[in-house]
Amino acid sequence: MVVAIRGGVLLLTVTLWAIEVIHVMCVQQHFADWSHEALNARLSIPLSAAGNSTTVQWSLPVVTVETSRQGRFALPGAQPQVAVLNVGAGRTWEGPVTKNELFLRWLQEPVRDPDGLAVLIDGGDLIYGGCGEAALLRAYHAIANAGGGAKVVVSAEMGGYPKNMRSVQEGPGPSGQMDKVLAAFGLRRDWTTPYVDCSRDIDAGPCSNHRVYRYLNYGFLMGPVGELRKLVSFVLAQGGTDQGQAARYCFNHSEVCTLDYGGLLSLSLHNFKRSMDEGPLALRSMDRHRDS
């Protein structure tokens, strides 16, 4: 059930479905219960009306590139909101290469511990789902272990873009990596079936024939700084579409990289139903006295 939400949250709801590709990072409901039933249920995100928000700073660095915003800002979504470091502040956007160059510059700073974990995210098309830092870390380690000890976890999506990488990503995967990650959370390959609308994008990022959440999405990366540095360096050196190059790297280095096939760390809504009654998300208000 979708609760009617007033104020700034209503604006967020409208914006949410106007964006073509959006990520929901760290949905609290996922981490409360890793049962098959809970993970297949619609996700409920608690939101607070404008003016009632609070912000927390995680010890885990969450980094983005937004050239139109200040150096630190809070992700919209669940409360308390998470503060992110914006390394794009004051820069000029010249396409995706700007994002990757600035990510790499941050990753290469001498103060960075190569073994320390970090999260790299898209900024303007992501909302925060409400899980805590400890829960995010537990899920990361569970996915990495299920993926054969891979240290880098990258978000997945329903659509295969660019098309020239579809054949690589539609195979069984290294040592059945996808099925092992899904099995760790009691999920099947068809877990997205009730929520998918593959008629939305049949050109740029179409679904696979079996409608499986299996393609790499370059909007969320989590892992040790040293390994993220190698991935982003490869993407920059190869040029072209960064998502395609990231997919090439990950599927050629499965011992290092796996995808978040269950949408636990970051759920990409590309090719999901947009209707709030049929899609995978339900937004609920934390300010009950404001609801009607």
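Description of the structure in this document. Source: prediction; values computed, not measured. Each chain has its residues counted from 1, following the order in which its sequence is written. Only residues with pLDDT of at least 70 get local features here, since the model is predicted, and only at 80 or more are side-chain atom pairs given and counted; chain-wide, interface and lining totals rely on the full set of residues. As a rule here, side-chain values come from all non-hydrogen atoms in the structure, and water together with hydrogens is ignored.

A separate point is the overall build of the chain. Only DSSP runs of H or I covering at least 4 residues are called helices, and only runs of E covering at least 2 are called strands; the numbering of each starts at the N terminus. Counting its regular elements, the chain contains nine helices and 13 strands. With 292 residues in all, the chain has 53% of them scored as buried. Pairs at least 24 residues apart make up 80% of the contacts formed inside the chain by residues separated by at least 6 positions. With the model as given, the accessible surface of the chain reaches about 12200 Å², and the carbon-plus-sulfur share is 52%. In this scheme, a residue with accessible area under 20% of its type's maximum is buried, one over 50% is exposed, and one in between is partly exposed, where area comes from a 1.4 Å probe on protein chains only. Contact definition: two residues touch when any of their heavy atoms are within 4.5 Å. Here the Shrake-Rupley method, with its probe set to 1.4 Å, supplies the accessible areas, and only the displayed protein chains count as covering residues.

This part is about the state of the cysteines. Count a disulfide wherever a pair of cysteine sulfur atoms falls within 2.5 Å. Tallied over the full model, the rule gives one disulfide. One disulfide in the model links Cys250 with Cys257; its S-S distance is 2.1 Å. Looking along the S-S bond of the Cys250-Cys257 disulfide, the torsion reads about 60°, which is the right-handed sense. Cys250 gets classed as buried once you look at its relative accessible area, which sits at 4%.

With that out of the way, let us pick up the packing of aromatic side chains. Planes of paired rings set the category: under 30 degrees apart is stacked, over 60 is edge-to-face and the rest tilted, where pairs are Phe, Tyr or Trp rings (Trp by its six-membered ring) whose centres lie within 6.5 Å. Evaluated as defined, the whole model comprises three aromatic pairs. Note on Trp58 and Tyr128: the rings are 6.0 Å apart at their centroids and 80° apart in plane angle, and the pair reads as edge-to-face. One end of the pair, Trp58, is in the loop between strand 3 (55-56) and strand 4 (62-64); the other, Tyr128, is in strand 8 (residues 126-128), and 70 residues separate them in sequence. Look at Tyr128 and you get buried, because its relative accessible area is 3%. Note on Trp191 and Tyr213: the rings are 5.2 Å apart at their centroids and 70° apart in plane angle, and the pair reads as edge-to-face. Taken together, the residues Trp191 in the loop between helix 7 (177-184) and strand 10 (215-224) and Tyr213 in the loop between helix 7 and strand 10 connect sequence positions 22 residues apart. For the pair Trp191 and Tyr213, a shared accessibility class is recorded, and that class is buried. Cation placement over rings: the criterion is NZ of Lys or CZ of Arg within 6 Å of the ring centroid and within 35° of the ring normal. Note that Arg69 overlies the ring of Phe73, its terminal NZ or CZ placed 3.8 Å from the centroid.

Salt bridge criterion: a side-chain nitrogen from Lys or Arg within 4 Å of a carboxyl oxygen from Asp or Glu. Counted under the stated rule, the structure contains six salt bridges. Measuring nitrogen to oxygen at the nearest pair gives 3.9 Å for the salt bridge that ties Lys99 to Asp242. Linking Lys99 in helix 4 (residues 96-107) with Asp242 in helix 9 (residues 242-252), this pair joins segments that are 143 residues apart in sequence. For Asp179, the salt bridge goes to Arg189, with nearest N and O atoms at 2.8 Å. Taken as a pair, Asp179 in helix 7 and Arg189 in the loop between helix 7 and strand 10 lie far apart in primary sequence, 10 residues in all.

Next up on the list: helix 4. To estimate how far a helix should extend, the number of its residues minus one is multiplied by 1.5 Å. When the terminal C-alpha atoms of helix 4 are compared, their 17 Å separation across 12 residues agrees well with the 16 Å that a helix rising 1.5 Å per residue should span. Taken together, the buried positions of helix 4 are occupied by Thr98, Lys99, Asn100, Leu102, Phe103, Leu104, Trp106 and Leu107. Residues of helix 4 that are buried in the fold lie against strand 4, strand 6 (81-86), strand 7 (117-121), strand 10, helix 8 (225-238) and helix 9.

What follows is about the packing of helix 8 against helix 9. To obtain an axis, a line is fitted to C-alpha atoms, over the contacting stretch when the element is a helix, and the angle between two such axes runs from 0 to 180 degrees between their N-to-C directions. Put simply, helix 8 and helix 9 touch, their axes get as near as 9 Å, and they point 125° apart. Between helix 8 and helix 9, the interaxial angle falls into the category oblique. In this structure, the crossing between helix 8 and helix 9 has a hand that is right-handed. Each of Lys230, Leu231, Phe234, Val235 and Gln238 in helix 8 lies in contact with helix 9, whose residues at this interface are Asp242, Gln245, Ala246, Arg248 and Tyr249. Geometric relationships in this document are graded by angle, where less than 35 degrees denotes roughly parallel, more than 145 denotes roughly antiparallel, 65 to 115 denotes roughly perpendicular, and other angles denote oblique. Here a crossing is called left-handed whenever its near helix is offset anticlockwise from the far helix by less than a right angle, and right-handed whenever the offset is clockwise.

Let us now look at the pairing of strand 10. Within strand 10, 10 of the 10 residues are buried, leaving the element largely enclosed by the surrounding structure. By definition, two strands form a pair when at least two bridges between them are found by DSSP. Here strand 7 pairs with strand 10 via five bridges, running antiparallel. Pairing of Leu120 across the sheet is with Leu221, part of strand 10. In the sheet, strand 9 (residues 152-157) pairs with strand 10 via four bridges, with the strands oriented antiparallel. Bridging from a neighbouring strand, Val153 pairs with Met222 of strand 10.

Function cannot be read off these values alone, since they describe shape.
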